[in-house]
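# Coordinates in review
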Amino acid sequence: MNRRLLTLLGILGSAGLLLGALYFQYVRGLLPCQLCYWQRYGHVGAMIFGVVALFVPNRILLGLGALAALSSSVIGIFHSGVERQWWDGLKSCSAPALEGLSPEEAMEAIMNAPMVPCDQIPWQMFGLSMANYNVFASAAIAGLFVLAIRAR
């Protein structure tokens, strides 16, 4: 395959994942957590680098596109572990622990907690969450950008 086609496929892949996330958010009503948002940023970057690389052919831009997509995959791995309680999430994206708190402290913790905790799985298919699917899809998109770097 040629470089332009592979780059375009990478851009379309990132756009597809973002559109899917927006569909689940605005049509299905599944609000994203903080880690969900972070996974989106890599795809915005991959699309920007990819589009610029279409007009200014440059392997560095394609490499940055690959790294941007790969960053979404890495965050997805972390998010998957948080969802499955394999490790703790960030303090800002987990449900607050209320044991041992006074009623006033508990109310403050609840009011300052994020709207959607990262350690819950709001949707899954075949036992895999959206974060799980993002790990593989983002890695594949990064692979498309790497193939574009190697293509003539």
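Summarised in this report is the structure supplied together with it. Once a new chain begins, its residue numbering starts again from 1 and follows that chain's sequence as written. In keeping with the model being predicted, local features are shown solely for residues with a pLDDT of at least 70 and side-chain atom pairs are shown and tallied solely at 80 or more, while totals for entire chains, interfaces and linings include all residues. As a convention, hydrogens and water are excluded, and side-chain values are obtained from all of the structure's heavy atoms.

## Let's talk about the nonpolar core
It is characteristic of soluble globular proteins that their nonpolar side chains tend to be buried jointly. Only buried residues count toward a nonpolar core, which is a set of Ala, Val, Leu, Ile, Met, Phe, Trp, Tyr and Cys residues joined through side-chain atoms within 4.5 Å. Accessible area is worked out with a 1.4 Å probe on protein chains only. A residue is then buried under 20% of its type maximum, exposed over 50%, and partly exposed in between. Within the largest apolar cluster, 15 residues are counted, with the highest numbers of intra-cluster contacts made by Ala 46, Leu 62, Ala 69 and Phe 145. Counting only elements with at least two residues in this core, the list comes to α1 (3-26), α2 (34-55), α3 (59-83) and α5 (130-150). Ranked by residue count, the leading element in this core is α3, at 5 residues. Note on contacts: a residue pair qualifies if any of its non-hydrogen atoms lie within 4.5 Å across the two residues. Once you skip the residues sitting within four places of it in the chain, Phe 145 turns out to touch Thr 7, Gly 10, Ile 11, Ala 46, Gly 50, Leu 62, Gly 65 and Ala 66. Counting residues in hydrophobic clusters, the runner-up holds 5 residues, among them Cys 33, Leu 35, Val 82 and Val 116. To qualify as a helix, a DSSP run of H or I must reach at least 4 residues; to qualify as a strand, a run of E must reach at least 2; elements of each kind are numbered from the N terminus.

## Some remarks on the side chain of Ser 138
Along the chain, Ser 138 falls in helix α5. Accessibility expressed as a relative area gives 0% for Ser 138, which makes it buried.

## A look at α5
Expected helix span is given by 1.5 Å per residue-to-residue step, counting one fewer step than there are residues. If you check α5, its first and last C-alpha atoms are 30 Å apart, about what 21 residues at 1.5 Å a residue would give, namely 30 Å. At its buried positions, α5 is contacted by α1, α2, α3 and β2 (128-129).

## Concerning the packing of α1 against α2
Angle between the axes and distance between the axes: these two values describe a pair of packed helices. The convention used is that axes are lines fitted to C-alpha atoms, helices contributing only their stretch in contact, and that angles between N-to-C directions extend from 0 to 180 degrees. The interhelical angle for the contact between α1 and α2, taken along N-to-C directions, is 150°, at an axis separation of 9 Å. Classed by the angle they form, the pair α1 and α2 counts as roughly antiparallel. Judged by the sense of rotation from one axis to the other, the crossing of α1 with α2 is left-handed. The residues of α2 that touch α1, namely those facing Arg 4, Thr 7, Leu 8, Ile 11, Ser 14, Ala 15, Leu 17, Leu 18, Ala 21, Leu 22 and Gln 25, are Tyr 37, Arg 40, His 43, Val 44, Ala 46, Met 47, Gly 50, Val 51 and Leu 54. Note on angle classes: values under 35 degrees are labelled roughly parallel, values over 145 roughly antiparallel, values of 65 to 115 roughly perpendicular, and the remainder oblique. Note on convention: the crossing is left-handed when the near helix lies turned anticlockwise from the far helix by less than a right angle, right-handed when the turn is clockwise.

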